[in-house]
Amino acid sequence: MKTVTIYTDGSCEGNPGRGGWAAILRYNKHERVLKGGSPQTTNNRMEMTAALKALQSLKEPCTVKLHTDSQYLKRAFTDGWLNRWRSNGWLTSNKQPVKNQDLWNDLWRETQKHKVQWIKVKAHANNKLNNRADKLAVAACKRA
């Protein structure tokens with residue numbers, strides 16, 4: 001199974017507001033950059049979209065090291081939030097509807113195809129690829 005390293009980020013001017021997302025995928029010496037935007041969205045949706053689009057772009061099952069600065073995205077998988085939401089009829093622990101259910105469903109389906117390791121990186125720190133993903137997401141936001 002191939003091991004792919006992915007760095008993702010989302011950006012939003014206003015929240016909600018215009019948004020952008022970006023993903024950098026690396027396999028051996030190969031690199032692929034994905035990016036896009038939306039005229040009206042939230043930062044969480046852009047963070048989630050970056051991860052989703054990156055996973056959807058993989059042509060075969062892979063071991064994935066997915067780096068994100070979104071605690072919300074990472075913890076939904078690593079802390080079992082997503083599984084609890086699914087088993088609770090898409091309600092939070094406060095019995096409120098889970099936001100972004102459409103993206104969570106798509107992300108869950110994609111993660112079933114791959115072995116994903118979620119890695120939290122500090123935003124705007126000294127991480128070259130995370131900073132690059134951030135700049136790409138901000139640029140995509142400005143074009144949205």
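As a reminder, the structure under discussion sits directly above these lines.
In this text, all values refer to a predicted model and were calculated from it rather than measured experimentally.

Asker: Run through the overall build of the protein chain, naming residues and quoting values.
Answerer: Looking only at helices and strands, the protein chain has five helices and five strands in total. Written out in order from the N terminus, the α and β elements of the protein chain read β-β-β-α-β-α-α-α-β-α. A compact globule built from 144 residues should have a C-alpha radius of gyration of about 15 Å, and the protein chain, at 15 Å, falls within 12% of that. Seen along its three principal axes, the alpha-carbon backbone of the protein chain occupies a region of about 45 × 40 × 25 Å. Across the 144 residues of the protein chain, 46% fall into the buried class.

Asker: Account for the pattern of salt bridges, naming residues and giving values.
Answerer: Inspection of the entire model under this criterion finds nine salt bridges. In this structure, Arg75 engages Asp79 in a salt bridge whose closest nitrogen and oxygen atoms are separated by 2.5 Å. Overlapping salt bridges, with partners in common, bring together Glu13, Arg18 and Lys142 in one network.

Asker: Let's hear about the sheet that holds strand β4 (residues 62-68): which residues, and what values?
Answerer: Within a sheet, each strand pairs with its neighbour through backbone hydrogen bonds, oriented either parallel or antiparallel. One open sheet accounts for five strands, arranged β3-β2-β1-β4-β5; its pairing is mixed. With partners counted over all chains shown, the strands left at the sheet margins are β3 (30-41) and β5 (115-120), one partner each. Averaged over neighbouring strand pairs, the angle between their axes works out to 20° when direction is ignored. Judged from the ten bridges that link them, strand β1 (residues 2-14) and strand β2 (residues 17-27) form a sheet pairing that is antiparallel. Paired with Thr8 across the bridge in β2 is Ala23. On the sheet, helix α1 (residues 43-56) packs against β1, β2, β3, β4 and β5 and is oriented at approximately 155° with respect to β1. Lying on the sheet, helix α2 (residues 71-78) is in contact with β4 and β5; it crosses β5 at an angle near 135°.

Asker: Can you break down the packing of aromatic side chains residue by residue, with the values?
Answerer: Counting across every chain of the model gives six aromatic pairs. Here Phe77 and Trp118 contribute two aromatic rings whose centre-to-centre distance is 4.5 Å and whose plane-to-plane angle is 15°, an arrangement assigned as stacked. With Phe77 in helix α2 and Trp118 in strand β5, this pair connects stretches of sequence that are 41 residues apart. In this structure Trp118 comes out as buried when scored by relative accessible area, which is 10%. Pairwise contacts between aromatic rings join Tyr72, Phe77, Trp81, Trp85, Trp104 and Trp118 into one cluster. Of note, Lys2 hangs over the ring of Tyr27, and the distance from its end group to the ring centre comes to 5.2 Å.

Asker: If you had to explain the pairing of β3 to someone new, which residues and values would you point to?
Answerer: Where β2 and β3 come together, ten bridges link them in antiparallel fashion. Bridge pairing links Leu25 to Arg32 in β3.

Procedures and definitions
- Residues numbered from 1 in each chain as written.
- Predicted model: local features only at pLDDT ≥ 70, side-chain atom pairs only at ≥ 80, totals over all residues.
- Heavy atoms only, no water.
- Helix = DSSP H or I, 4+ residues; strand = E, 2+ residues; numbered from the N terminus.
- Rg over C-alpha atoms; globule rule 2.2 N^0.38 Å.
- Buried < 20%, exposed > 50% of the residue type's maximum accessible area, 1.4 Å probe, protein only.
- Salt bridge = Lys/Arg side-chain N within 4 Å of Asp/Glu carboxyl O.
- Pairing = 2+ DSSP bridges.
- Axes fitted to C-alpha atoms, helices over the stretch in contact; angles between N-to-C directions.
- Contact = heavy atoms within 4.5 Å.
- Phe/Tyr/Trp six-rings, centres within 6.5 Å; stacked < 30°, edge-to-face > 60°.
- Lys NZ or Arg CZ within 6 Å of the ring centre and 35° of its normal.

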